[in-house]
Amino acid sequence: MNNKMKLVFPAISENEQFARTAVVAFIMNLDPTVEQITDIKTAVSEAVTNCVVHGYPEIKGEVILECELLSGILHIKISDFGVGIEDVTTVLEPFYTSKPFEERAGMGFTIMRTFMDTFEITSKPNVGTTVLMSKQLTKIA
Amino acid sequence: MKITHSLSPSGLRLYFDGELDQCCEKKAKMQIDSLIEKYSNTRAVFFNMQALKFMDSTGIGVLIGRYKKLKSMNIPCYIENPSFSADKVFIVSGIYKLIPKL
């Protein structure tokens, strides 16, 4: 069963829960396991939180959340059009945070990479950031 | 997310109920800090996470901040009964090396 969806919403904290719940709703009829749901919810929450906290530090812009189910694999794309990242290599290091005084753990990308099967990030300063992740949900015979 | 508490001879127990993410982070920190300050003579603090239905790495930041505060007050703290969701995030972060799991 192939399917896709696209959501556009403001990069505000309240939408972190909305985004992760929406992605779970999208995959429910594949009967995901509790572990799969937990992994996906957490990864989506991390990515959207990055858009809210880092993507748009001043004026809030939009987040685009796209999901596609293809042959039992869930593909997720989360994009913002905010400040972007100068040095992607540095921000991917576990525990790195650009906001150490806000008690941030710096674990967002580590969690996305650990909980999902694939992870890619592209970013350009003052253009925005896109995160692509995927997870196999069912095996197609 | 709701935080309730109980006091016993073993210490101050903080019960996390709901979902802990960046949205409720500030309020959670204020509530926890206020309880820690109110019961500053407690012998230990237990973060009970049994009813925490969801947690992302925001929770790690919240707990590390509270750990540092409690350390400066010489009060040990522990994570109790983490839910499945929270436990996986805790394991990846390595936080159990700082705040032991019970």
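Structure first, text after, so check above.
Keep in mind the model is a prediction, meaning the values are calculated, not measured.

Novice: Just give me the short version of the overall build of chain A, but keep the residues and values in it.
Specialist: A tally of helices and strands in chain A yields four helices and five strands. Ordering the α and β elements of chain A from the N terminus gives β-α-α-β-β-α-α-β-β. For 141 residues, the compact-globule formula gives about 14 Å, and the C-alpha radius of gyration of chain A, at 15 Å, lands near that figure. Considering only C-alpha atoms, chain A reaches an extent of 45 × 30 × 25 Å along its principal axes. Taken over 141 residues, chain A has a buried fraction of 52%. For chain A, the proportion of contacts with a sequence separation of at least 24, taken over those separated by at least 6, is 66%. A total accessible area of about 7100 Å² is found for chain A, and carbon and sulfur atoms account for 55% of it.

Novice: So what's going on with the sheet that holds strand β3 (residues 73-80) of chain A? Residues and values would help.
Specialist: Consider a sheet: its strands pair through backbone hydrogen bonds, and that pairing is either parallel or antiparallel. Residues and elements named next belong to chain A. Spatially, β1-β2-β3-β5-β4 is the arrangement adopted by the five strands of the open sheet, whose pairing is antiparallel. Across the chains shown, the open sheet's two edge strands, defined by having one partner strand only, are β1 (3-10) and β4 (118-124). Going across the sheet, the axis of each strand differs from the next one's by a mean of 10°, ignoring polarity. Note: strand β2 (residues 62-70) against β3, eight bridges, orientation antiparallel. Looking at the pairing, Leu65 lines up with Ile78 of β3.

Novice: Account for the pairing of strand β2 (residues 11-20) of chain B, with residues named and values stated.
Specialist: Residue and element names in this part refer to chain B. β2 sits mainly inside the fold: eight of its ten residues count as buried. In the sheet, strand β1 (residues 2-8) pairs with β2 via seven bridges, with the strands oriented antiparallel. Bridged to His5 within β2 is Leu14. Here β1 hands over to β2 after two residues, the two strands then running antiparallel side by side. The parallel pair β2 and strand β3 (residues 45-48) is bridged by helix α1 (residues 25-38), and the resulting crossover is right-handed. Sheet analysis places β2 next to strand β4 (residues 52-55), joined by three bridges and oriented parallel.

Novice: Got a sec to walk through the packing of aromatic side chains? Specific residues and values, please.
Specialist: Considering all chains together, one arrives at five aromatic pairs over all chains under this definition. Considering the side-chain rings of Phe9 of chain A and Phe18 of chain A, the 5.8 Å spacing of their centres and the 80° angle between planes classify their relative orientation as edge-to-face. In this structure Phe9 of chain A comes out as buried when scored by relative accessible area, which is 4%. Ring plane angle 25° and centroid distance 5.5 Å describe the contact between Phe46 of chain B and Tyr78 of chain B, whose orientation is recorded as stacked. Here the residue Phe46 of chain B occupies a position in strand β3, and Tyr78 of chain B occupies one in strand β5 (residues 77-80), the gap between them amounting to 32 residues. The exposure class of Phe46 of chain B is buried, given its relative accessible area of 8%. One Lys or Arg, Arg13 of chain B, reaches over the ring of Phe46 of chain B and ends 4.2 Å from the middle of that ring.

Rules behind the numbers
- Residues numbered from 1 in each chain as written.
- Chains lettered and ligands numbered in written order.
- Predicted model: local features only at pLDDT ≥ 70, side-chain atom pairs only at ≥ 80, totals over all residues.
- Heavy atoms only, no water.
- Helix = DSSP H or I, 4+ residues; strand = E, 2+ residues; numbered from the N terminus.
- Rg over C-alpha atoms; globule rule 2.2 N^0.38 Å.
- Buried < 20%, exposed > 50% of the residue type's maximum accessible area, 1.4 Å probe, protein only.
- Contact = heavy atoms within 4.5 Å.
- Areas by Shrake-Rupley, 256 points an atom, 1.4 Å probe, with all protein chains shown as cover.
- Pairing = 2+ DSSP bridges.
- Axes fitted to C-alpha atoms, helices over the stretch in contact; angles between N-to-C directions.
- Right-handed = clockwise from strand over helix to strand, strands pointing away.
- Phe/Tyr/Trp six-rings, centres within 6.5 Å; stacked < 30°, edge-to-face > 60°.
- Lys NZ or Arg CZ within 6 Å of the ring centre and 35° of its normal.

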